[in-house]
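Below are the chains, spelled out letter by letter.
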Amino acid sequence: MTYWHLFLAFFRVGILGYGGGPSSIPLVKNEVVDKYKWMTDDEFSDVLALGNALPGPIATKMAGYIGWQVKGVFGMIIAIIASVVPTILLMIVLLTFLNSFKDKPWVLGMTKAVVPVVGVMLGVLTVDFLKKVNTSFGVKLTIGLVVASIILLVLLNIHPAIVIGVVIVISLLSKKEKQEVKEVKAS
């Protein structure tokens, strides 16, 4: 039954994730964390960070990793197929249909309307992650990481993968320090 749920989860993401990877991330989170509870929010954040650091489409990278974590190699294959096939089929149908109407104003308006929707979805996801980071790291470290990331990305033009890698290292070190403090208090 888990294979079927894995297929359905990523098939829904593939069908509804119009606009590419950024629009599918909240959908993957909903399926994986909220609906099926295959991962916690923290684990999902780690998968998202890893997916952003690697080259290629994020939706398929996340599907592959999550499928592998849930049900091994066969789960990985099912999740990747489920996330890719709907996109391929929809693109063939939509492009065939829209090609005949490509110069119509309603088609141009429809494609322009997608951009703000994706922006809002990414904003909601960012606020959700910032809340979780704030509870894990505290206000000072969260603000410091956000400011440092903006400086590195915008002003110094550092590649996002490097920034993500540094934040992952800081996160892992911070979790290790908290575990050591808990162990000392428990003794």
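For the structure, check the block above.
All residue numbers refer to positions counted from 1 along the written sequence of the respective chain. Local features in this predicted model are restricted to residues whose pLDDT is 70 or higher, and side-chain atom pairs enter the listing and the counts only when it is 80 or higher, whereas totals over whole chains, interfaces and linings include all residues. The side-chain quantities take in all heavy atoms of the structure and omit both hydrogens and water.

1. Observations regarding the overall build of the protein chain
Secondary structure follows DSSP: runs of H or I at least 4 residues long count as helices, runs of E at least 2 residues long count as strands, and numbering of each begins at the N terminus. When helices and strands are counted, the protein chain shows seven helices and zero strands. Overall, the protein chain shows an N-to-C arrangement of helices and strands of α-α-α-α-α-α-α. In this description, contact between two residues means that some pair of their heavy atoms is separated by no more than 4.5 Å. Long-range contacts, defined here as pairs at least 24 residues apart, represent 53% of the contacts in the protein chain between residues at least 6 apart. Accessible surface is estimated by sampling points in the Shrake-Rupley manner with a 1.4 Å probe; for residues, cover comes only from the protein chains shown. Total accessible area on the protein chain is roughly 11900 Å²; 73% of this is exposed by carbon and sulfur atoms. Lys and Arg are tallied as positive, Asp and Glu as negative. Neither His nor the chain termini are counted. For charged residues, the charge sits on one atom: NZ in Lys, CZ in Arg, CG in Asp, CD in Glu. When the 17 positive and 11 negative side-chain charges of the protein chain are each reduced to one mean point, those points stand 6 Å apart.

2. Some remarks on the packing of helix H2 (residues 21–35) against helix H4 (residues 58–99)
Lines are fitted to the C-alpha atoms to define the axes, a helix being fitted only along its stretch in contact, and any angle between axes, read from their N-to-C directions, falls within 0 to 180 degrees. At a closest axis distance of 9 Å, the pairing of H2 and H4 adopts a crossing angle of 25°. In terms of their interaxial angle, H2 and H4 are classed as roughly parallel. Residues Gly 21, Ser 24, Ile 25, Val 28 and Val 32 of H2 form the contact with H4, whose participating residues are Ile 58, Ala 59, Met 62 and Ile 66. Residues are grouped as follows: Ala, Val, Leu, Ile, Met, Phe, Trp, Tyr, Cys and Pro are nonpolar; Asp, Glu, Lys and Arg are charged; all remaining types, including Gly, are polar. Among the residues making up the contact of H2 with H4, the classes are represented as seven nonpolar, two polar and no charged. The labels follow the angle: roughly parallel below 35 degrees, roughly antiparallel above 145, roughly perpendicular from 65 to 115, and oblique for the rest.

3. What to know about the environment of Pro 22
Its location among the elements puts Pro 22 in helix H2. Overall, the relative accessible area of 35% leaves Pro 22 in the partly exposed class. Residues Pro 22 and Met 62, spaced 40 residues apart in sequence, show a C-alpha to C-alpha distance of 12 Å. Beyond its immediate sequence surroundings of up to four residues, Pro 22 is in contact with Val 118 and Leu 122. Each residue's exposure class comes from its accessible area (1.4 Å probe, protein chains only) as a fraction of the maximum for that residue type: buried when under 20%, exposed when over 50%, partly exposed otherwise.

4. Section: helix H5 (residues 105–137)
Since there are 3.6 residues in each turn of an α-helix, residues three or four apart along the chain are aligned in direction. By this rule the span expected of a helix is its residue count minus one, scaled by 1.5 Å. Between its first and last C-alpha, H5 extends 48 Å over 33 residues, near the 48 Å set by a 1.5 Å rise per residue. For H5, the full list of buried residues reads Val 107, Val 118, Leu 125, Phe 129, Lys 132 and Phe 137. In the stretch just after H5, Gly 138 is the one whose phi turns positive, near 95°.

5. Quick look at the pattern of salt bridges
Salt bridge criterion: a side-chain nitrogen from Lys or Arg within 4 Å of a carboxyl oxygen from Asp or Glu. Going through the model one piece at a time under the given rule, you end up with three salt bridges. Across the salt bridge formed by Asp 41 and Lys 29, the nearest N and O atoms sit 3.5 Å from each other. In this pair, Asp 41 is assigned in helix H3 (residues 41–53) and Lys 29 in helix H2, connecting sequence segments 12 residues apart. Take Asp 41: its relative accessible area is 24%, and that puts it in the partly exposed class. Its relative accessible area of 10% is what places Lys 29 among the buried residues.

6. Digging into the packing of helix H1 (residues 2–16) against H4
Two elements in contact, H1 and H4, have axes separated by 7 Å at closest approach and are oriented at 40°. Viewed along their axes, H1 and H4 adopt a mutual orientation that is oblique. The two elements H1 and H4 cross, and the hand of that crossing is right-handed. The residue makeup of the contact of H1 with H4, split by class, is 16 nonpolar, six polar and one charged. Note: crossing handedness is left-handed where the near helix turns anticlockwise from the far helix by less than a right angle, and right-handed where it turns clockwise.

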